[in-house]
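# Observations on the three-dimensional arrangement
Residue-level listing of the chains:
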Amino acid sequence: MAFISSGYNPDKPMEDRITDIGNRYYGDFLPPVIKNNFGKWQWHEILEPGVLMHKAESGDEVYTVRVGGVRLMSVEHVRELCEIADTHCDGYVRFTTRNNIEFMVDSKDKVEPLKQDLSSRKHNEGSFKFPIGGTGAGVTNIIHTQGWIHCHTPATDASGTVKVVLDDLFDEFQKMRLPAQLRISMACCLNMCGAVHCSDIAILGYHRKPPMIDDEFLDNLCEIPLAIAACPTAAIRPKKKEITSEKDGSKKEVKSVEIKNERCMFCGNCYTMCPSLPLADAEGDGIVLMAGGKVSNRISAPKFSKVVVAFIPNETPRWPTLAKDVRKIVEAYSKDARKYERLGDWAERIGWEKFFEKCDLEFTHHLIDDFRDPAYYTWRQNTNFKFTDPYEYSAIKAE
Amino acid sequence: MAFISSGYNPDKPMEDRITDIGNRYYGDFLPPVIKNNFGKWQWHEILEPGVLMHKAESGDEVYTVRVGGVRLMSVEHVRELCEIADTHCDGYVRFTTRNNIEFMVDSKDKVEPLKQDLSSRKHNEGSFKFPIGGTGAGVTNIIHTQGWIHCHTPATDASGTVKVVLDDLFDEFQKMRLPAQLRISMACCLNMCGAVHCSDIAILGYHRKPPMIDDEFLDNLCEIPLAIAACPTAAIRPKKKEITSEKDGSKKEVKSVEIKNERCMFCGNCYTMCPSLPLADAEGDGIVLMAGGKVSNRISAPKFSKVVVAFIPNETPRWPTLAKDVRKIVEAYSKDARKYERLGDWAERIGWEKFFEKCDLEFTHHLIDDFRDPAYYTWRQNTNFKFTDPYEYSAIKAE
Amino acid sequence: MAKFETPLLDQLETGPWPSFVSDLKRQAEHRAANQDKIEYQIPVDCVEDILGVVELSFKDKEVHWKHGGIVGVFGYGGGVIGRYCDQPEMFPGVAHFHTMRVNQPNGKYYTSDYLRQLCDLWDFRGSGVMNMHGSTGDIIFIGTRTEQLEEIFYEMTHKYDQDLGGSGSNLRTPSCCLGESRCEWSCYNTQEICYQLTHEYQDELHRPAFPYKFKFKFDGCPNGCVAAIARADMSFVGTWRDDIRIDQEAVQAYIGGEFPPNAGAHSGRDWGPFDIHKEVIDLCPTQCMWMDGKQLKIDDKECTRCMHCINVMPRALRPGKDTGCSILVGAKAPILDGAQMSSMLVPFIKAEEPYDDIKEVIENIWDWWMEEGKNRERLGELIKRQGFQRLLHMTGLKAIAQHVQEPRHNPYIFWYEDEVPGGFDRDVTEFRKHHKR
Amino acid sequence: MAKFETPLLDQLETGPWPSFVSDLKRQAEHRAANQDKIEYQIPVDCVEDILGVVELSFKDKEVHWKHGGIVGVFGYGGGVIGRYCDQPEMFPGVAHFHTMRVNQPNGKYYTSDYLRQLCDLWDFRGSGVMNMHGSTGDIIFIGTRTEQLEEIFYEMTHKYDQDLGGSGSNLRTPSCCLGESRCEWSCYNTQEICYQLTHEYQDELHRPAFPYKFKFKFDGCPNGCVAAIARADMSFVGTWRDDIRIDQEAVQAYIGGEFPPNAGAHSGRDWGPFDIHKEVIDLCPTQCMWMDGKQLKIDDKECTRCMHCINVMPRALRPGKDTGCSILVGAKAPILDGAQMSSMLVPFIKAEEPYDDIKEVIENIWDWWMEEGKNRERLGELIKRQGFQRLLHMTGLKAIAQHVQEPRHNPYIFWYEDEVPGGFDRDVTEFRKHHKR
Ligand code: SRM
Ligand code: SRM
Ligand code: SRM
Ligand code: SRM
Ligand code: SF4
Ligand code: SF4
Ligand code: SF4
Ligand code: SF4
Ligand code: SF4
Ligand code: SF4
Ligand code: SF4
Ligand code: SF4
């Protein structure tokens, strides 16, 4: 392959340089019906799962067909959706904040052909390319992060875990039969690039082993004080060590660090600052399942998701335990919650002890907050609990 | 006055010594009707303010007349109540957990004479000795601490503030016309010997000036490391100082401490450990008013009281601002809350911004939590507020 | 006649609420008059001096008591609080003015005989001013001189069979609501357990062996009439695990307006006729009640025993019969890091003599706290510092969902090494074989 | 044909949800076939290598990417994330594999023309694999080599009028919900403000001058469709201050079952006929709604604009007309001390061009944070460390009750010296005149 210049001259980087122009103006990308009725929408209706109709004051209507977006997509996939946009939507398309794709048409008769086209497109092994759904009181797309596809700190994969969970919950994506919307999010480490901390269900990659220390190279590759400062629990201390060189077997003294294992909570922040402190481990890494968060201010205030399963191993390629645990929660919620009740509101109404009982999940010591002062406020300072087994002194006493 | 020995021989303290016998057996002090029906009560009724009737499975009834206890009382006062107990109650009497006094009789016809006797007894200047009331949905006795009568750390007086507030709310003590019970508590410093932190209304003595440092005597009177360790905000550091002696004017170097004023939150914990760090100050000291706490698990869980007025000066002898602010809260609550709704539940239902509006109290920066990590959880992480003036950017912008 | 002018205090004599000033004045007069010709063992005018020093504080707006030294009775490390006046020349009668804590009878029932004995003793050897009661629950004798402490103790133990209460880094005087003695809701005998544990732990009560103070309080039911959850290191709150007992006829009587709701507690205002839906069913926090025709139904496994419905209809509803208590731990006042309420440790335990299980919980906790608590660290702070998991470990209890109001929202789980396959030690050289630098 | 066997990944081709594995395979084939005879500027088989390296991770259960070095385009401190494979010999096609963040058009509407331009560019100079979109909102180009970065930037800016997004300690690419473009509830033009602030703050977006990353997000209403409150250092949420607009006829149509509740969002299950009491009035969190005969009434001053009633009856109820937004600050992910949601700073501000007031708030905050924020300290952490009062002080705002969910429950108030009469300095000798030692 031959290098083809864009016109950029590396010797004169400033020549002709264009910078700070920002993004393209959104107004240039709006379909006419949207542009004409901008700020003048009156009401909307979800005609069927995945199909929205918005009505403007002018009487205009826009029909939106939403399809599941596998947000990791190839240019070929994008070109295919452009083709659909050209065929049905005058060349316009949009993406949602949860990585779904929306095709809009300006009259009802255009909906059916569009839908048929979308549903007919499948990948070789049979998965849909553009599954219609993701609206209303159901499961929509799982927002997620890079995982093993690209990042350096993940404790699990993103695209893989999302695929298996959405395969399993596909019906809920296509039907609007849950008590309220159920937002599942995925982040492959606790940097939480998806900001999954306020999701109905959050799938979170988590390490469980303290970093290894690559003593021989640490001082070259890292700034030791930064690595030390990065640790939220002050588990890292500087330490001079005598080591045997990997290369030539010689002994030498190096500046390195020491980690107090019992203080480490595996956050990986030190690794972010210092590549000589890798955490990844086949057995150590896996998933923390959280539940009950939300973002909207509807009825109740936004709230954080809570840890409900402390660890699920990385059972590649299809993470059956993960899929099962998520399903247990969705099913119990679906059966028990009231109309309009978000998952977290349900759990709070019935009490978390009942949540665990109804979802058939085990409560373990890991789920009790012990991180800093606010932990106290999550313990129970009242007698208003429900009885779920075991509860009596003799029954919870370790043998 | 001549010293009269009890029999104790200071030279032989162990002679005849009786120790570790604990308290007297409660069973020996129970009125017969109580003893006979112990554990067999069936229901009760508050016949009128201050008068309870408990019905036993046996059919027995016990009538209790509750009177306000000024818990700081003289032996003469106690002898007077013994006399009443003898006259009406076969010599039995009890005190409640809130320092009220209860006279019990075993039949209804004994109630009226008892009541008349109690109501007729007044102090010289006209205050009741034994005001009947303190039951049901009203204000009962204010539990309180020592104040200027006895303790060394109070920032206000206890008996005095309690007297003025109860004078002011006397009607509420005698009538049961509030939405629910309203428990007022008083503690004269934030050691909070009354544990006022979970009261509907809490009157709390508070200092506002950092300790003075009695350099010349500090090292003699205190253990410096203990004083330093006592400070929750690490405001105290050891410091050698050159001082001029109070006695002889000579200069000398002493070991003492230094206090970072901006870190001090006036808790007085250092003073508890070291008498050379006094805090008391006529202008600095005063009262913090808190509201909305509770202890019972009824309907809602127990909760902490919140600071609603950051400072009320010590306006001796009758603290008019204190009395007024308490009354404002009681009146707004009484008018606005629902039947069975405790003050804190009311404030949470209407929103604290409305609480301040309805109680006509000013919200100031002091009321925003800034103490340690949990502070964050008291700020507002939602958009679900009500508009009370001022709220708009331009209106809350400092000129 | 009075020793000092008290123009400020005098203003506290008006108003309907009992005036402590009037009472102190009467006591001062009583001592001055001394009709019974008592050989007062501390200055006869000490009550005048109290009035004087408090008046001075009302004027100065500053307290006039100093730190107390270490005073007490032989062999005990608690029960007496030392106190000295910072203006002893002005107020010699209260120059030394220590308090004594006298362990109250549980439930605070008294005979007048016994009360009078205490009065006589205190009038004779102390100021004659007392608190009925102190915040922890003791009878407080306010103000005597050091040399009277042993005399009082001797007389109290020998004549009245009565011991001191706690202070210092001791077990403090336990206290309880009146419980079964006069309350139909009490789920166990609060007075009996309070009495028995007080006696069982006399040594801990009198001899400081703890990092700091430690309190027990016993509430017979979740109404919390002794406020255990707010102010005891170990809070015992009665509860039940079977069904609420319903008398359907009585329910109808409430609906029909025959019985006053909440036992008449709201009769001072016209709240309109009783509405069982508005006042009971809709307010039930778990919404586990409903009317089935004329029958009131409760789905008891959803009930959290909050007491509301029982409080409103005491003649119709009663706690179940299979009763016991919950144990919560760690309440304390603000110092140092803010106030705490007690946190749930044992959701349900039978509270029956000889209380062996309960003592086991208590002693496991003490062992831990005495081993690892820092000086002046309350149990609640130790739990916060070392984590709730550690409390469970040290009391040998399994974590259950009842321990929390909600699970953690941070994922910062401290895994123990033995929980993670392969442990924590890994070989970076091995790792680097599959992951180049 | 495939370069590597991928038995594990192959199992992710089944199931209904779009398979990223199938898509990557197709892309790999597309590049291998190269029907358009493109002079691919990075290895043609890089997508095979992606499949290979991910398969290896599925086998090892460990990631195979290393820390990225500092790579980027000249003059910018963000927009590119460096990335290298830790098995470069095995997967040379992805040995260097940097991502580029391309600032998306606000609201994420596209023309196919523009999308194809991006595809062509990325196919030619990168892997042809992308994210539509990244979590912050950017278009993410996944995987290219260092020498292509300037080329891509040059082509993008010159041909497509398109700039990069943010990374590093910069302002990050702002994003918004679709707002007025297609939502009847939007209380301001989220796209316009997002666009204008993106352009106003290009320097902050491209050149790291902050202690750490900083994010803006714009929600048109309290439903929060871009999750601003959970994930932006400054979260703008639309609201109104006049009355909810009611169309009483439409209310009746809902009651009559003519219009589907919640715009049909629940039509997948039979929830029974619509009940305005059960579904709207009783669920209103402030209980400020009632039926007055056939009229639905709202006591708007009690309404907290939670959107529930509007969501349920979009044809009958609409937000008011006097609209603006609330500004909340400080949301962030868990590192270091746990996740934060944004906290209320400005309850109400008009969101109208030229947004001067809003820029004032932003810049006051930045000035403070740049002055006092530590390295890698998010705004939310600075507020926690220095206190909310300090935030108010630095933004020149008065404390109001709307700032809190509840007032503090500890009394540990830090008084400023100038608030306390007489100040902090006192003379202990003077004090000792009235208080002996
Ligand atoms: C298209 C999109 C905005 C965009 O700019 O892309 C959008 C569009 C709409 N949202 Fe949303 N929401 C979108 C993400 C969100 C998010 C953000 C998220 O999930 O990350 C939230 C907050 C979620 C949370 O609370 O955890 C969100 C919370 C809501 C709510 C509140 C629902 C609730 O019960 O709490 C409503 C109101 C409703 O559904 O009745 C709403 C309503 C709507 C309406 C009905 C607004 C309208 O009048 O058009 C739109 C169609 C709803 C539907 O899909 O059923 N939208 N909506 C986003 C579609 C995501 C997707 O592909 O699935
Ligand atoms: C690409 C993206 C994930 C994705 O797959 O979409 C991403 C990827 C990375 N994020 Fe992120 N973050 C991405 C959105 C987020 C978000 C979500 C958001 O912006 O709404 C968050 C949570 C919100 C927040 O800002 O708190 C987020 C919180 C973090 C953090 C934790 C920051 C904190 O204060 O707690 C880190 C750690 C760090 O900064 O060192 C981080 C760091 C990283 C790094 C740069 C890894 C690192 O430590 O160097 C990741 C590079 C991955 C790679 O190699 O491709 N990323 N990151 C997202 C950016 C795409 C885009 O521009 O659209
Ligand atoms: C006598 C006493 C117990 C004792 O051992 O001394 C007691 C006695 C009763 N309490 Fe109490 N409570 C007593 C202190 C308390 C306390 C403790 C406190 O205030 O420090 C509380 C917790 C307060 C709190 O939550 O802040 C307390 C919360 C209750 C409640 C819950 C009320 C609520 O609305 O939350 C009830 C139920 C009721 O009133 O219907 C109750 C009910 C009762 C009943 C009806 C129990 C019964 O069946 O006999 C008794 C008479 C009530 C009355 O006075 O109206 N008792 N009660 C205490 C009287 C104090 C006083 O002199 O005023
Ligand atoms: C007498 C009494 C107040 C009263 O007027 O009733 C009292 C008086 C004192 N308390 Fe207390 N406390 C009294 C009940 C309480 C309570 C309430 C309770 O026990 O239910 C509390 C709150 C609950 C708790 O224990 O947390 C309480 C929390 C404190 C504290 C703060 C402890 C903490 O951990 O935060 C201190 C400070 C200390 O221990 O240094 C303290 C310290 C003191 C000292 C000893 C002052 C000192 O620092 O040396 C006071 C002596 C006053 C005096 O000279 O008379 N006192 N103290 C109460 C004991 C009477 C009794 O035995 O019945
Ligand atoms: S969540 Fe962690 S592992 Fe995943 S993309 Fe973000 S920083 Fe990388
Ligand atoms: S992983 Fe986190 S807790 Fe463990 S040593 Fe590194 S920074 Fe510290
Ligand atoms: S609250 Fe403070 S000042 Fe009052 S008695 Fe207790 S320790 Fe003394
Ligand atoms: S008063 Fe409290 S905060 Fe101030 S110096 Fe003393 S111990 Fe520290
Ligand atoms: S706590 Fe319960 S049992 Fe005890 S007195 Fe109060 S209501 Fe009765
Ligand atoms: S005790 Fe409370 S939770 Fe139980 S049924 Fe009665 S009101 Fe409901
Ligand atoms: S946040 Fe509000 S305005 Fe924006 S899309 Fe969602 S519902 Fe519409
Ligand atoms: S927006 Fe929410 S608070 Fe306001 S009236 Fe509607 S449901 Fe009630």
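No experiment lies behind these values; they were computed from the predicted model shown.

### A closer look at the domain arrangement of chain C
Domain boundaries in chain C define domain 1 (7–159), domain 2 (175–241 + 322–403) and domain 3 (245–318). Using only C-alpha atoms to locate each centre, domain 1 of chain C and domain 3 of chain C end up separated by 47 Å.

### As for the site of ligand 11
In the vicinity of ligand 11, the contacting residues are C177, L178, C183, W185, S186, G220, C221, N223, G224 and C225 of chain D. When grouped by side-chain class, the residues that make up the shell around ligand 11 number six nonpolar, four polar and no charged.

### What to know about the interface of chain A and chain D
Of the residues lining the interface, 144 residues belong to chain A; the matching set on chain D comes to 144 residues. Of the roughly 12800 Å² buried between chain A and chain D, counting both surfaces, carbon and sulfur atoms make up 59%. If you sort the residues of chain A by the area they bury against chain D, N23, W148 and H150 of chain A come out on top, with a joint share of 6%. Where chain A packs against chain D, one counts 11 salt bridges. R207 of chain D is the partner of D20 of chain A in a salt bridge, and the nearest nitrogen-oxygen pair spans 2.6 Å. Taken together, the connections running from chain A to chain D amount to 82 residue pairs in polar contact (both at pLDDT 80 or more). The leading source of residues in the side of chain A that touches chain D is helix 2 (residues 75–88) of chain A, at 10 residues. Of the residues contributing to the side of chain A that touches chain D, the split by class is 72 nonpolar, 40 polar and 32 charged. Across three bridges, strand 4 (residues 72–74) of chain A lies against strand 6 (residues 129–132) of chain D in antiparallel orientation. Residue pairing in the sheet places S74 of chain A in a bridge with V129 of chain D of strand 6 of chain D.

### Regarding the confidence of the model for chain C
In the predicted model, chain C carries a mean pLDDT of 97, and 100% of its residues have values of at least 70. Here the predicted complex carries an ipTM of 0.97, next to a pTM of 0.98.

### Focus: the sheet that holds strand 10 (residues 234–240) of chain C
Residues and elements named next belong to chain C. Spatially, five strands are ordered 8-9-10-15-16 in an open sheet, and the strand pairing comes out mixed. The outermost strands of the open sheet, each flanked by one partner alone, are strand 8 (175–176) and strand 16 (343–349). The pairing of strand 10 with strand 15 (residues 323–329) spans seven bridges and is antiparallel. Residue pairing for strand 15: T239 is matched across the bridge by G324. Contacts between helix 6 (residues 190–200) and the sheet are confined to strand 8 and strand 9 (216–219), with strand 9 contributing the most and set at about 165 degrees to the helix.

### Some remarks on the nonpolar core
As a rule of thumb, soluble globular proteins bury nonpolar side chains together. In terms of nonpolar packing, the biggest core is built from 190 residues, with F355 of chain A together with F216 of chain C touching the most fellow members. Sequence-distant contacts of F216 of chain C, defined by excluding residues within four places in its chain, comprise L171, P174, S175, L197, Y201, A232, M234, F236, I362 and W366 of chain C. Listed in part, the 189 residues of the second largest apolar core include L72 and M290 of chain B together with L205 and V361 of chain D.

### As for the coordination of the iron atom of ligand 4
Protein coordination of the iron atom of ligand 4 is limited to a single donor, C193 of chain B (SG), positioned at 2.2 Å. Turning to its location among the elements, C193 of chain B is positioned in the loop between strand 7 (184–187) and strand 8 (201–206).

### A closer look at the coordination of the iron atom of ligand 3
For a metal with four tetrahedral donors the ideal donor-metal-donor angle is 109.5 degrees, whereas six octahedral donors ideally subtend 90 or 180 degrees. Only one protein atom coordinates the iron atom of ligand 3: C225 of chain C (SG), located 2.3 Å from the metal. Assignment of secondary structure puts C225 of chain C in the loop between strand 9 and helix 8 (228–231).

### Quick word on the sheet that holds strand 7 (residues 184–187) of chain A
Residues and elements named next belong to chain A. Pairing is mixed across the open sheet formed by four strands, whose spatial order is 7-8-11-12. Every interior strand has two partners, whereas the edge strands, strand 7 and strand 12 (306–313), have only one. Within this sheet the neighbouring strands show an average axis-to-axis angle of 20 degrees, counted without direction. As judged from the five bridges shared by strand 11 (residues 286–291) and strand 12, these two strands associate in the antiparallel manner. Across the sheet, residue G286 finds its bridge partner in strand 12, namely P313.

### Considering the packing of aromatic side chains
Counting across every chain of the model gives 100 aromatic pairs over all chains. Grouped by ring-pair contacts, the aromatic residues Y201, F210, F214, F216, F218, F236, W366 and W369 of chain C constitute a single cluster. In this structure, R208 of chain B packs its charged tip against the face of F311 of chain B, placed 3.2 Å from the ring centre.

### Comments concerning the packing of helix 2 of chain A against helix 4 (residues 112–125) of chain D
It is the contact of helix 2 of chain A with helix 4 of chain D, at a shortest axis distance of 10 Å, that shows an interaxial angle of 160 degrees. One element, helix 2 of chain A, and the other, helix 4 of chain D, form an angle in the roughly antiparallel class. Read as a crossing pair, helix 2 of chain A and helix 4 of chain D show a hand that is left-handed. Of the residues in helix 4 of chain D, those in contact with V75, V78, R79, L81, C82, E83 and D86 of chain A of helix 2 of chain A are S112, L115, R116, C119, D120, W122 and D123 of chain D. Classifying every residue of the contact of helix 2 of chain A with helix 4 of chain D by side-chain character gives seven nonpolar, one polar and six charged.

### A few points about the pairing of strand 12 (residues 289–292) of chain D
Residue and element names in this part refer to chain D. Bridge analysis of strand 12 against strand 13 (residues 295–298) gives four bridges, and the strand direction is antiparallel. Residue D292 lies in a different strand from strand 13, and its bridge partner there is Q295. Here strand 12 folds back onto strand 13, and the loop between the two strands holds two residues, one of which, G293, carries a positive phi near 65 degrees.

### Some words on the site of ligand 2
Taken together, 29 residues form the shell around ligand 2, and within it R71 and C193 of chain A together with R83, D138 and K215 of chain D come nearest. At the site occupied by ligand 2, nearby residues are drawn from chains A and D. Residue K217 of chain D places a side-chain N or O atom 3.0 Å away from an oxygen atom belonging to ligand 2. Between I335 of chain D and ligand 2, the recorded distance is 3.0 Å, taken from a backbone N or O atom to an oxygen atom. Residues of the shell around ligand 2, tallied by class, amount to eight nonpolar, 10 polar and 11 charged.

Procedures and definitions
- Residues numbered from 1 in each chain as written.
- Chains lettered and ligands numbered in written order.
- Predicted model: local features only at pLDDT ≥ 70, side-chain atom pairs only at ≥ 80, totals over all residues.
- Heavy atoms only, no water.
- Domains from an automatic or database assignment.
- Near = heavy atom within 4 Å.
- Nonpolar A, V, L, I, M, F, W, Y, C, P; charged D, E, K, R; others polar.
- Contact = heavy atoms within 4.5 Å.
- Buried area = accessible area lost by both parts, 1.4 Å probe.
- Salt bridge = Lys/Arg side-chain N within 4 Å of Asp/Glu carboxyl O.
- Polar contact = N/O pair within 3.5 Å; in protein donor to acceptor, adjacent residues only side chain to side chain.
- Helix = DSSP H or I, 4+ residues; strand = E, 2+ residues; numbered from the N terminus.
- Pairing = 2+ DSSP bridges.
- pLDDT = per-residue confidence, 0-100.
- Axes fitted to C-alpha atoms, helices over the stretch in contact; angles between N-to-C directions.
- Core = buried A, V, L, I, M, F, W, Y, C linked by side-chain atoms within 4.5 Å.
- Buried < 20%, exposed > 50% of the residue type's maximum accessible area, 1.4 Å probe, protein only.
- Donors = N, O, S within 2.8 Å, 3.2 Å for Na, K, Ca; no water.
- Phe/Tyr/Trp six-rings, centres within 6.5 Å; stacked < 30°, edge-to-face > 60°.
- Lys NZ or Arg CZ within 6 Å of the ring centre and 35° of its normal.
- Parallel < 35°, antiparallel > 145°, perpendicular 65-115°, else oblique.
- Left-handed = near helix turned anticlockwise from the far one by under 90°.

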